[in-house]
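One-letter residues, chain by chain:
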Amino acid sequence: MQGKRLIRIVFALLVLLNFAFSLELLRLSEYKDQNVSGWLASEKLDGVRAYWDGENLLSRQGKKLNAPLSFTKNFPKFALDGELYAKELKFEEIQASVMDKLPDEKAWNRLKFHVFDVPEASGGLLERLSELEKFILQNPQAGQNLKIIKQVKVKDNAEFEAFAEAVIAKSGEGAVVREPNAAYERGRSQNVLKYKKFNDAECVVVAHKVGQGKFSGLLGSVVCENLSDKKRFKIGSGFSDKERANPPKIGSVITYKYQNLTAKGLPRFPVFLRVRED
């Protein structure tokens with residue numbers, strides 16, 4: 001028993017060390033019918049989160065992304081928060097290009113840095129974004145790889161929900177709504193809310209369970225520990241045959257989706273989405 005307890009403590013410490021130096025960025029909360037009258041809505045892009053600190057492009061964990069100089073050479077000297085994204089590419093393709101240690105300039109040229117905030121600027125969201133608009137007007141070449149995510153004012157919740165459903169109907173991931181006068185926040189914010197058809201979260205893989213029947217000799221499920229509340233549960237669906245033969249490594253962080261939470265606070269019907277590489 002003491003040995004198992006020691007293993008769990010060591011594992012928990014490793015996880016903490018892995019995230020100890022994470023870049024503290026704005027994090028979205030879930031939209032749950034909060035009053036968003038007069039807020040600003042935008043499409044939620046299924047890209048790789050990135051932060052430009054004025055000199056380097058960083059992942060949300062604070063790791064320097066190996067972007068080719070040709071991609072960032074016209075970026076401003078002030079900070080930007082956004083998503084590396086291309087509509088025609090799947091998330092996995094975007095992630096593979098962004099996380100490549102030897103950057104493929106051709107692959108990066110398919111991406112754009114879609115900016116949703118200018119963290120160090122003053123004023124409300126539109127005022128902050130106007131700083132980037134001015135920069136691009138003065139430096140037109142910057143507009144080749146920098147795109148400002150369009151913000152649309154919604155008069156009430158019904159209009160926001162209609163906006164989000166229209167995005168989803170066109171195969172978009174969902175929508176985001178932002179309190180227009182709130183300052184940029186680091187950490188979880190109640191002033192920036194996401195609307196999606198399903199919930200998603202992240203967990204650490206702590207064990208593999210061997211499958212049975214058609215999955216005999218392959219991965220049946222993974223045992224995961226949530227990053228948020230440390231609760232453990234199994235995920236057995238969403239894996240491809242290739243992923244069942246080569247499952248996510250123990251200690252790796254994966255993203256999963258789920259419908260809602262049980263009375264015990266566990267995800268109901270969790271489905272594997274992807275391994276997080278950043």
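About the cut-offs
- Residues numbered from 1 in each chain as written.
- Predicted model: local features only at pLDDT ≥ 70, side-chain atom pairs only at ≥ 80, totals over all residues.
- Heavy atoms only, no water.
- Pairing = 2+ DSSP bridges.
- Helix = DSSP H or I, 4+ residues; strand = E, 2+ residues; numbered from the N terminus.
- Contact = heavy atoms within 4.5 Å.
- Axes fitted to C-alpha atoms, helices over the stretch in contact; angles between N-to-C directions.
- Core = buried A, V, L, I, M, F, W, Y, C linked by side-chain atoms within 4.5 Å.
- Buried < 20%, exposed > 50% of the residue type's maximum accessible area, 1.4 Å probe, protein only.

Peer 1: What am I meant to see in the sheet that holds strand 5 (residues 80-85) here?
Peer 2: Strand-to-strand pairing in sheets goes through backbone hydrogen bonds, with the strands running parallel or antiparallel. Pairing is mixed across the open sheet formed by 5 strands, whose spatial order is 4-3-5-6-7. Taken across any chain shown, the strands that pair with only one partner, and hence form the sheet edges, are strand 4 (57-58) and strand 7 (146-148). Across 5 bridges, the pairing between strand 3 (residues 48-52) and strand 5 is antiparallel. Across the sheet, Tyr-51 pairs through a bridge with Asp-81, a residue of strand 5. The strands that helix 3 (residues 91-99) touches are strand 3 and strand 5; relative to strand 3, the one it contacts most, it runs at about 35°. Sitting on the sheet, helix 5 (residues 125-138) touches strand 5, strand 6 (112-117) and strand 7, and the angle it makes with strand 6 is about 145°.

Peer 1: Would you mind showing me how to read the nonpolar core here?
Peer 2: As a rule of thumb, nonpolar side chains are buried together in soluble globular proteins. In terms of nonpolar packing, the biggest core is built from 33 residues, with Leu-57, Leu-84, Phe-113 and Leu-146 touching the most fellow members. At the level of elements, strand 3, strand 5, helix 3, strand 6 and helix 5 are the ones that each hand at least two residues to this core. If one sorts the elements of this core by residue count, helix 5 sits on top with 5 residues. Dropping the residues within four chain positions of it, Leu-146 is found in contact with Phe-75, Pro-76, Leu-80, Phe-113, Val-115, Leu-132 and Ile-136.

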